[in-house]
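# Summary of the model geometry
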Amino acid sequence: MIALPKFYITTPIYYVNDKPHVGHAYTTVAADVLARWHRLKGDATFFLTGTDEHGEKAEIAAEKAGKSPKEFVDGIVSEYKRVWEALNISYDGFIRTSDPAHEETVAKAIEKIYANGDIYKGFYEGWYCIPDETFWTELQLKDGKCPECGRDVKLLKEESYFFKLSKYQDRLLKLYNDNKDFLSPKARAKEILNRVKDGLKDISITRTTIKWGVTFPLDKKHTLYVWVDALFNYISALGWPEGQKFKEFWPADVHLVGKEINWFHSVIWPALLLSAGIEPPKKVFAHGWWTSSGRQMRKSFGNVIDPVLMAEKYSLDAFRYTLLKTMPLGEDGDFSEDGLKTRLNNELVAELGNLLNRTVTIAAGFDGKIEGKPELDACLNVKLVDELMERLDTHGALEAIFSYIKIANKYVNDKEPWKLKGAELGNVLYNLLEAVRIISILVSPFMPGSSEKINAQIGAEPGNLGDCVFRPFNGKVVKGEHLFRKMP
RNA sequence: AGCGAGGUAGGGUAGUCUGGAGUGCCCGUCGGGCUCAUAACCCGAAGAUCAGUGGUUCAAAUCCACUCCUCGCUACCA
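Residues numbered from 1 in each chain as written. Chains lettered and ligands numbered in written order. Predicted model: local features only at pLDDT ≥ 70, side-chain atom pairs only at ≥ 80, totals over all residues. Heavy atoms only, no water.

## A word on the sheet that holds strand E1 (residues 6-15)
Spatial ordering of the open sheet is given by E3-E2-E1-E11-E12-E7, a layout of six strands whose pairing is parallel. Of all strands in the sheet, those bounded by a partner on one side alone are strand E3 (93-96) and strand E7 (183-184). Relative to strand E11 (residues 254-258), E1 runs parallel, the two being bridged by two bridges. The residue of E11 that forms the bridge with Thr10 is His255. (Pairing = 2+ DSSP bridges. Helix = DSSP H or I, 4+ residues; strand = E, 2+ residues; numbered from the N terminus.)

Pasting the structure below:
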């Protein structure tokens, strides 16, 4: 049987100690764009995001707010959902690690891993900084003191259960070798590869001091460490082991993650899955980080970017476009309002908006037949755009789409339709309107709202990737408002 | 310190694996053209000892060695 094309993409689940900033927005918008692209292709698509709600930090934050952990995280979760709605995120599933169903899944998976002989009881030893309430490894210490605050640290020992990560070194290396794209992008791959080659240590997966989390099923005194429980969200959301969605969508095609959590997703997660007898995901892609106006984003610098504010001020699609156009997914980049404004004015207004506007203006004053021979189809390379998107090169895909927009703009200049009339003008308009219709489809994953506006003005239905070919134009042009407004 | 990535015009990048004229792209700057369009659109120009040194070669941004600089990762703070 030939498997139907399917696409399962995930964002990390976001930790609930603060409201979403541009970093969260970036990952989520990028995943949204990829999910929408696959829907255009007709793939059965499942796009998962969610929240990571357990652990000490959430517990403490709740206490400070005078709420129970559950009450507290409920509040943050609705904030996340509000932001995702504002950013037009088309998620299919929203997983919360405090859902009882998730907790049951985790417990079941842990039991399988235990049954496989990969969990044992031991002692966790670490250097503990009491004022910071943080454990450090020997390597992290700075001159034998806490690297964060410089104060003395104490060697503490506590009972803990361990996962035999060391046992999976060879199988992980085989996984990386058999699936060259598993570790993505390439620049990050070697980082992981070399560390795995250097050898893996077993990892402590439980704590006795924390209550807000999933109870360790084999010893109720212990609570699972929050990241262990968090990783399993990707399968609990699909109803592992028997759920229909799990059968349809697992393994994940892409886990999109920030580079700070690459280790967990590229090493620990597949090892846990292998141990539980579950197929590992196909790809873990670690994207880059944003600086803001040249500096690290920090509250104390006053340069933290609020995604909703940006969307309100400059239009949502200009913001989404800027996130994906500024740098390739794997790289770091700088976010600035000036940069956003420049892109809005010079690319969205001047290239895309202007193409639509001039086309529609000329078409509105034309009463002949809009028909002709395709002339603008040869320079359109939908296949290239698709290949770039398959490689998660959203940046390159946008460049390819916009280079086509430029060609269409140049076509207007070359043909000087304002000097033409009759069939000649009908032919030029035919080419422009078909180009605009196709461009609208191609940009729709990036800028869904703008795509709808374009369709309204040229009287086109929303299309899919198969519609990106020249055919008789049967829309009805209704000139509307400017697609984007220029900002001073 | 170990491991990794990178240093190409004012900024950002592609090209490096598989050597062959500094070739390309985006933004910015300057000049011209056009006028359907949101002072827009089109064309053109300026601008680079391709981090440095040494080597291999007929030929090096590209291969080799060394040096300098920047950034990331180093596991149980999600």
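Now that the structure has been shown, we can carry on.
## Describing unusual backbone geometry
Trans is the prevailing form of peptide bonds, just as negative phi is the prevailing case for residues other than glycine. Residues Ser184 and Pro185 are joined by a peptide bond in cis, for which omega reads -10°. When you line up the elements, Pro185 lands in the loop between E7 and helix H6 (186-197). For the peptide bond that leads from Trp250 to Pro251, omega is 5°, which places it in the cis range. Checked against the element boundaries, Pro251 lands in the loop between helix H9 (244-249) and E11. In this structure, Leu392 is a non-glycine residue whose phi angle is positive, near 65°. Tracing the sequence through the fold places Leu392 in the loop between helix H14 (382-390) and helix H15 (394-415).

## Details of the pairing of strand E2 (residues 44-52)
The element E2 is largely enclosed, with a buried count of eight among its nine residues. Summarising the sheet, E1 and E2 pair through eight bridges and their orientation is parallel. Note on E2: the bridge partner recorded for Tyr8 is Phe46. Running through helix H1 (residues 22-40), the crossover from E1 to the neighbouring parallel element E2 is right-handed. Sheet topology note: the E2/E3 ladder contains four bridges and is parallel. Bridging from a neighbouring strand, Thr51 pairs with Arg96 of E3. (Buried < 20%, exposed > 50% of the residue type's maximum accessible area, 1.4 Å probe, protein only. Right-handed = clockwise from strand over helix to strand, strands pointing away.)

## Comments concerning the protein's contact with RNA strand B
The full set close to RNA strand B counts 46 residues, and Asp52, Tyr225, Phe264, Asn346 and Ala350 are the nearest of them. Expressed as a percentage, the sugar and phosphate content of the atoms of RNA strand B within 4 Å of the protein is 65%. Side-chain polar atom of His482 to a sugar or linking oxygen of RNA strand B: 3.4 Å apart, as the coordinates give it. In this structure, Leu483 approaches RNA strand B through a main-chain N or O atom, which is 3.5 Å from a base oxygen. Among the elements that make up the surface near RNA strand B, the one with the highest residue count is helix H13 (residues 337-364) (ten residues). Along the lines of polarity and charge, the residues of the surface near RNA strand B split into 19 nonpolar, 13 polar and 14 charged. (Near = heavy atom within 4 Å. Polar contact = N/O pair within 3.5 Å; in protein donor to acceptor, adjacent residues only side chain to side chain. Nonpolar A, V, L, I, M, F, W, Y, C, P; charged D, E, K, R; others polar.)

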